[in-house]
Amino acid sequence: MTTTTDSASQYTFDNATPEAARQVRLLAEILDGHSIDVLARAGVAAGWRCLDLGAGAGSISTWLADRVGPDGRVLALDTDPRHIGQHERLELRAVDVTEADFGTDEYDLIHARLLLMHLPQRREILRRMVRALRPGGLLVLSDWDCTQTESMLVRSSPEATEAFSAFQAALLTLGAANGASATWAGEAPLAMLDAGLVDVESEVHNRLWTGGEAGCLLHASNSRQLEAVLLKFGVTAKQLTVLREAMEDPETFAWSYPMVTTVGRRVDS
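Just so you know, the residues in each chain are numbered from 1, in the order the chain's sequence is written. In keeping with the predicted nature of the model, local features appear solely for residues at pLDDT of at least 70, side-chain atom pairs appear and are counted solely at 80 or more, and the whole-chain, interface and lining totals rest on all residues. The basis for every side-chain value is the complete set of heavy atoms in the structure, and neither hydrogens nor water enter the calculation.

1. Things to note about empty space enclosed by the protein
Here comes step 1: For each structure, a 1 Å grid was placed over the protein atoms alone; sets of points admitting a 1.4 Å probe that cannot get out are labelled cavities, open sets with protein on both sides within 12 Å along at least five of seven lines are labelled pockets, and lining residues have an atom within 4 Å of a point. Grid points are joined across faces, edges and corners, and a volume is the space filled by probe spheres set on the points. Evaluation of the coordinates by the stated rule reveals four cavities of 30 Å³ or more.
Here comes step 2: Each pocket or cavity is described by its volume, and for the largest cavity that value is around 150 Å³.
Here comes step 3: Taken together, 17 residues line the largest cavity, and the ones lying closest to its centre are G54, A55, G56, A57 and R113.
Here comes step 4: Listed by contribution, the elements that provide at least two residues to the lining of the largest cavity are α1 (20–42), β1 (49–53), α2 (59–68) and β4 (107–113).
Here comes step 5: Looking at the lining of the largest cavity element by element, the count peaks at four residues for α1.
Here comes step 6: A breakdown of the residues in the lining of the largest cavity according to their chemical character gives ten nonpolar, five polar and two charged. Put simply, DSSP marks the helices as runs of H or I at least four residues long and the strands as runs of E at least two long, and each gets a number from the N terminus on. In this classification, the charged set is Asp, Glu, Lys and Arg, the nonpolar set is Ala, Val, Leu, Ile, Met, Phe, Trp, Tyr, Cys and Pro, and all remaining amino acids, among them Gly, are polar.

2. Digging into the packing of α1 against helix α6 (residues 214–225)
Helix packing for two helices is described by the angle between their axes and how far apart those axes are.
Here comes step 1: Interaxial distance between α1 and α6 falls to 9 Å at its minimum, and their mutual angle equals 155°. Classified by the interaxial angle, the pair formed by α1 and α6 is roughly antiparallel. At the point where α1 passes α6, the crossing takes the left-handed sense. Taken together, the residues of α6 that come into contact with α1 (itself represented by A20, R22, Q23, L26, L27, E29 and I30) are A214, G215, L217, L218, S221, N222 and Q225. Angular values range over 0 to 180 degrees, each being the angle between N-to-C directions of two axes fitted as lines to C-alpha atoms, with helices fitted over their stretch in contact. Roughly parallel means an angle under 35 degrees; roughly antiparallel means over 145; roughly perpendicular covers 65 to 115; every other angle is labelled oblique. Crossings are classed by handedness, with left-handed meaning an anticlockwise turn of the near helix from the far one by less than a right angle and right-handed meaning a clockwise turn. By the convention used here, residues are in contact when the closest approach between their heavy atoms is within 4.5 Å.

3. Some thoughts on the packing of helix α4 (residues 158–177) against α6
Here comes step 1: Two elements in contact, α4 and α6, have axes whose closest approach is 12 Å; the angle formed by their N-to-C orientations is 60°. Here α4 lies oblique to α6, going by the angle between them. As α4 runs across α6, the sense of the crossing is left-handed. In this structure, α4 uses F164, F167 and Q168 to contact α6, whose residues at the interface are H219, N222 and S223.

4. Points about the environment of M192
Here comes step 1: Relative to the elements of secondary structure, M192 occurs in helix α5 (residues 184–194).
Here comes step 2: With 143 residues separating them in the primary sequence, M192 and R49 have C-alpha atoms 21 Å apart.
Here comes step 3: Setting aside its immediate chain neighbours within four residues, M192 contacts L126, L139, L141, L197, V200, T262, V263 and G264.

5. Digging into the layout of surface pockets
Here comes step 1: In this model, the largest pocket occupies a volume close to 270 Å³.
Here comes step 2: What lines the largest pocket is a set of 20 residues, and nearest its centre among them are M117, H118, C146, L171 and L172.
Here comes step 3: When residues of the lining of the largest pocket are traced back to their parent elements, those giving at least two are α1, α4 and α6.
Here comes step 4: Looking at the lining of the largest pocket residue by residue, the classes come out as 14 nonpolar, six polar and no charged.
Here comes step 5: Within this model, the second largest pocket holds a volume of roughly 200 Å³.
Here comes step 6: Residue lining of the second largest pocket: V38, R41, A42, L138, D199, E201, S202, E203, T261, V263, G264 and R265, and that is the complete set.

Function cannot be read off these values alone, since they describe shape.
Structure representation (C-alpha cells):
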C-alpha cells in the first residue's frame, strides 16, 4: 500500500522503510480472505486480463495470476513493487498510478485495495480505470471507512485507550494533510455509478481482533513506520510505547477499520 498525494510523490506510507515489509504482510493477513472471496464470487476465470493497482505485498496479484491460468495475464502496478514476488503470469511495473495511462478496453478486471482513499486525484483515476475496462469488465475497489475510530478499541486499559485515540487522531490528520479521505469508502458506490458503471454493489467487512493478532499488530507497525511524523502531530513517545504494548496484549480487543468493497461493471457494447 504505497500512497502518493500528488505528482511530487510525497508519501504517507513508503515501501522503502524497514517496517514496510511487515506492514504489507499484515495487511494481506487481515484482508486477503475478504478480497479473495469477493473476487471469486465476481467470477475471475481462466483467460482474464487483470490489473492490480497499488499491489502492496502482491498476494492478490499472485492469486489472480493463479486464477487466470496460462492464457490469462496480470499486471501489478505500485510506486515501489519491491515486496511483490515473481510469477510467470504476473508482470510488475514501478508506476505512480496518479500519472499512469491504463489504456482503453484492456482489462476484464481492475482491482485496487487501500489505494484511492489515499489519493486526492481519486475520481479522475476512477474514470481512467473505467475507460481501461473491456465492455462487461469489472472494477473492484476496497477502502477502509475511517470515520468511526473512536469505537474501534473495545477493551483495553484507560491509558491504552487514550494512547490509541491520540494515535488515530494524529494518523487521520496526517492522512488528510497528504490528501487522504476518511469518507471515500462510503462515497465510492455513487462515484462508480457517476463514472458510468452498472450493477454496482457494496459490502462491508470487519472483525474483532485480539492483541497479538494481525489486526492489532498493524497499528503498532504503522506507528513504527510513521513515528517521526506522528510525534510532530502531537502523539508522545510514551503514548506510542503504550499503544504498541497494548496491541501485543491478549487482553486487548479491537475492531479493524470497516472495509467497504464495491464492485461495478462496465456496460456491454
